[in-house]
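Residue-level structure breakdown
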Amino acid sequence: MDTLTHIINGFSVCLQPINLWYTFLGVFMGTIIGILPGIGPAAGIALLIPVTYGMNPTSALIMMCGIYYGSKYGGSTTAILIRTPGEAASVMTTLDGYEMAKKGRAGAALAVSAIGSFIAGTIGVVALTLFALPLASLALKFGPAEYFCLMLFAMTAVSSLTGKSPAKGLLSTILGLMIATIGIDLQSGQPRYTMAVPEFQDGVGFVVAVVGLFAVAEVLRGLEDIYRGVSAPMVRISGKLWLTRDEWRRSIGPIWRGGIIGFIIGVLPGAGGTISSIMSYTTEKRLSKHPEEFGHGAIEGVAGPEAANNADTAGALVPLLSLGVPGGGSTAVLMGAFIMYGIQPGPLLFEKRPDLLWGLIDSMYIGNIMLLILNLPLIGLFVRLLYIPSGILYPLVVAISVIGAYAINGSPLDLYLILFFGVLGYLFEKADIPVAPLVLSLVLGGIMEQSFRQAMTISGADPAIFVKSGISITLLLLSLSSVVFPILLPKLKEWKKGAEEGA
Amino acid sequence: MGEVTDRIVFVFTLTLAAVYFYATAQIHTYEFGDPLGPKTFPRLLGIGLLVTAAMLFVEMWRARKAQSGKEPQNPGSDRRHFFVVGAVVIWTAVYFALFTTTGYMLGTAVYLVALMWYFNAGKPVANVATAVLYSVISYLAFTKALGVALPRGFLPF
């Protein structure tokens, strides 16, 4: 029962007053970041990396994870009150949440999303506690070839599942990998693509890329929206912040199902919070006896997706913590944070730093309780944030990004880089190219190339090493199917439609 | 507009592949080291980019086939918002270029006031107050409390 001891010891780590404080700080900032439409968890975490430099890694990571799962709570508030997802994954909540609010049930919508988030978030953490270690023991058998195949799978899944076009997802992935090749090559010591800029010898900083792509790009988009004058009127909180008996009865099923759907989707690479909330929404609509109510303020349409996107965060931490390979944009940023603290997430972490690992996982139980309190009785305070005019908010986000970017090296070059990546992210959005694949491959690119070359060194430059073990063959097949599946899916639908019409 | 954008993306992908192949050829290699050397992985990426370009081409071709018969999409007539975004980008670049000269506090305050004046028009007092307070408080908090070095510029404090 070694593991059980570690899990219990984890509580002794996360219950230390200092770590409780950082858990609170994390989920508090997470709620704010979730509520504010201009800035998401990825940018929030990236901005904190330079500022928290030198902090105890356990506390810093507890805080950053708090931002990650806390933002999902906050995102629903904005979705319900102003029909804008405060955080990308709460987009499904805008459909029925805003309608509920217009009907005077804003209180109930906020309550069900907070309670649903809490129940499903806790389901997710329990599942994370149970599944992390078995998966990590499997990963201990991985050699460089298997790791390469695993990263390949994560990237192909992300590139073909985020966004509408697999080709554009692939473009984003390869762009990230190319940026990752800038700098001194670790094995030969040769500078690559540095364009004679000495700062580039260390590579393009991961923080500046994320801050640019997520924060600055969002500011440009937001300012454009202000110029065009698009925004939905804000609905004030109405009704008690609680549910009627009937609403309870209708919500509990969607919350459980959403929790399970969200966790499973979260573990899989590529899918992420938005897809899990869409899956939950369609499931509930299909199961409902009154599907026509969906889109007109059905509480199931708030409870299910909100539950799903919260369980998803815990699910997404499974591959990051136990395999060391994130399956999406936000977890890639978290991985970047781990690496900044000199900690390599993955199977070895369970042996080397069980205190940090289980302290972190256990802190999520406590964080979820704190979030329930912050988002239910105290939600009225947070809602005031929505009264900040976006014409003030967006410029401030740039100013905050400047501190975050400049603090890393004290180099003005990093400022130009956040602007460059900001413009890139803005143009990506205009061209329907997803950003998450770029961030993932930027984080993994260096490790991926190293494991590729290590594998080839072991085999004496024989590529057959990648099909020598069952694990790598399986992963390669999974990568292949994740590329082929989205291309075949529309054809299958057409074919099925044709067959039905023919019958 | 979608079609034009996709064409730009396609051309960009091909150009990038060409530039990347050229830049890869410029990397020095020696006889020692690992069997692959520093060029192999980038070359694979370049090939991947060519595959991407081919996929983009197929997608464009399919989209066009699906479009034919339907009315051509109305291109966005109003492009003025691109000028606004462009102006914000240039203004931000100016702020960054003068960052070490003006210092964090002064530069940020001026930068913020100008943006807020345009995007939060009609509330000069609130805008100036927010910009100045934010610049001063964040400067003091980060340099004094958190030990982050921000440029002081020509201000005496």
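What counts, and where the lines are drawn
Chains are numbered independently. Their residues run from 1 in the order of the written sequence. To read the labels, note that chains go from A and ligands from 1, taken in the order they are written. At least 70 in pLDDT is required for a residue's local features to be given in this predicted model, at least 80 for side-chain atom pairs to be given and counted, and no such filter applies to totals for whole chains, interfaces and linings, which use all residues. The side-chain values count all of the structure's non-hydrogen atoms but skip hydrogen atoms and water molecules. Helix and strand assignments follow DSSP, with helices taken as H or I runs no shorter than four residues and strands as E runs no shorter than two, numbered in order from the N terminus. In this description the radius of gyration comes from C-alpha coordinates, and the expected globular size is given by 2.2 Å times residues to the power 0.38. For every residue, the accessible area obtained with a 1.4 Å probe (protein chains only) is divided by the maximum for its type, and the residue is called buried under 20%, exposed over 50%, and partly exposed between those limits. The contact criterion used is simple: two residues touch if any of their non-hydrogen atoms lie within 4.5 Å. We get accessible surface area from the Shrake-Rupley algorithm with a probe of 1.4 Å; when it comes to residues, only the shown protein chains can shield them. Charge counting treats Lys and Arg as positive and Asp and Glu as negative, with His and both chain ends excluded. The atom standing in for a charge is NZ when the residue is Lys, CZ when it is Arg, CG when it is Asp and CD when it is Glu. Each Phe, Tyr or Trp ring, with Trp reduced to its six-membered ring, pairs with another whose centre is within 6.5 Å; inter-plane angles below 30 degrees give stacked pairs, above 60 give edge-to-face pairs, and intermediate values give tilted ones. Buried area counts how much accessible surface, traced with a 1.4 Å probe, disappears from two parts once they are put together, with both parts' losses summed. One speaks of a salt bridge when a side-chain nitrogen belonging to Lys or Arg is within 4 Å of a carboxyl oxygen belonging to Asp or Glu. For the purposes of these results, a polar contact is taken to be a pair of N or O atoms within 3.5 Å, where, inside protein, one atom must be able to donate a hydrogen and its partner to accept one; residues adjacent in sequence count only when each atom of the pair is a side-chain atom. Among buried residues, the Ala, Val, Leu, Ile, Met, Phe, Trp, Tyr and Cys ones that are joined through side-chain atoms within 4.5 Å form a nonpolar core. How far each domain reaches was decided by an automatic or database domain assignment. What counts as a disulfide here is a pair of cysteine sulfur atoms lying within 2.5 Å. One less than the residue count of a helix, multiplied by 1.5 Å, gives the span that helix is expected to have.

Counting its secondary structure elements, chain A contains 20 helices and two strands. The C-alpha radius of gyration computed for chain A amounts to 22 Å, which stays within 12% of the reference 23 Å derived for 503 residues, consistent with globular compactness. Relative to its 503 residues, chain A shows a buried fraction of 60%. Considering only intrachain contacts with a sequence separation of at least 6, the fraction spanning at least 24 residues in chain A is 80%. Total accessible area computed for chain A in this model is approximately 18900 Å², and 67% of it derives from carbon and sulfur atoms. For chain A, the distance from the average site of its 30 positive side-chain charges to the average site of its 30 negative ones is 7 Å.

The helix and strand tally for chain B stands at six helices and zero strands. Ordered by position in the sequence, the α and β elements of chain B form the string α-α-α-α-α-α. Looking at chain B residue by residue over its 157 residues, the buried ones come to 36%. Taking the contacts inside chain B whose residues are at least 6 apart along the sequence as the reference set, 62% of them involve residues at least 24 apart. Carbon and sulfur atoms make up 70% of the accessible area of chain B, which amounts to about 9500 Å² in all.

To continue, consider the packing of aromatic side chains. Scanning all chains against the criterion turns up 25 aromatic pairs over all chains. Among the aromatic side chains, those forming a connected cluster through ring pairs are Tyr406 and Tyr416 of chain A together with Trp91, Tyr95, Phe96, Phe99, Tyr104, Tyr111 and Tyr139 of chain B.

In this complex, chain A contributes 54 residues to the contact, which on the side of chain B involves 61 residues. Summed over both partners, the interface of chain A with chain B comes to about 5300 Å²; 79% of that surface belongs to carbon and sulfur atoms. Of all residues in chain A, the largest losses of buried area upon contact with chain B belong to Tyr193, Tyr227 and Ile403 of chain A, amounting jointly to 13% of the total for that side. Where chain A packs against chain B, one counts one salt bridge. Between lysine 168 of chain A and aspartate 6 of chain B there is a salt bridge, and its shortest N-O distance comes to 2.7 Å. At the junction of chain A with chain B, the criterion picks out nine residue pairs in polar contact (both at pLDDT 80 or more).

This paragraph deals with the nonpolar core. Within the largest apolar cluster, 196 residues are counted, with the highest numbers of intra-cluster contacts made by Leu128, Phe338 and Phe466 of chain A together with Tyr104 of chain B. Among the elements that take part in this core, helix α6 (residues 106-139) of chain A stands out by supplying 17 residues, more than any other. Here this core gathers at least three residues from each of two domains, domain 1 (2-67) and domain 2 (80-145) of chain B. Apart from residues lying up to four places away in sequence, tyrosine 104 of chain B is in contact with Ala399, Val402 and Ile403 of chain A together with Tyr95, Phe99, Tyr134, Ser135, Ser138, Tyr139, Leu150 and Pro151 of chain B.

Residue and element names in this part refer to chain A. By the definition in use, this model includes zero disulfides over all chains. Here cysteine 14 stays unpaired: no disulfide links it, and the sulfur of cysteine 65, its closest cysteine neighbor, is 12 Å away. A relative accessible area of 0% means that cysteine 14 is categorised as buried.

It is worth spelling out helix α17 (residues 390-409) of chain A at this point. Residues and elements named next belong to chain A. Given a rise of 1.5 Å per residue, 20 residues ought to cover 28 Å, and the 30 Å separating the end C-alpha atoms of α17 matches this to within 8%. With 15 of its 20 residues buried, α17 lies for the most part within the structure. Immediately beyond the C-terminal end of α17, within one or two residues, lies glycine 410, with a positive phi of roughly 65°.

What follows is about the domain arrangement of chain B. You can read the domains of chain B as domain 1 (2-67) and domain 2 (80-145). For domain 1 of chain B versus domain 2 of chain B, the separation of C-alpha centres amounts to 39 Å.

Time to look at the pattern of salt bridges. All names here are of chain A. If you walk through the whole model with that rule in mind, you get 18 salt bridges over all chains. Residue arginine 228 pairs with glutamate 224 through a salt bridge whose shortest N-O separation is 3.6 Å. Of this pair, arginine 228 and glutamate 224 both sit in helix α9 (residues 206-228), four residues apart, roughly one helical turn. Given the relative accessible area of 3%, glutamate 224 is considered buried. Connected via shared salt-bridge partners are Asp185, Arg192, Glu449 and Arg453.

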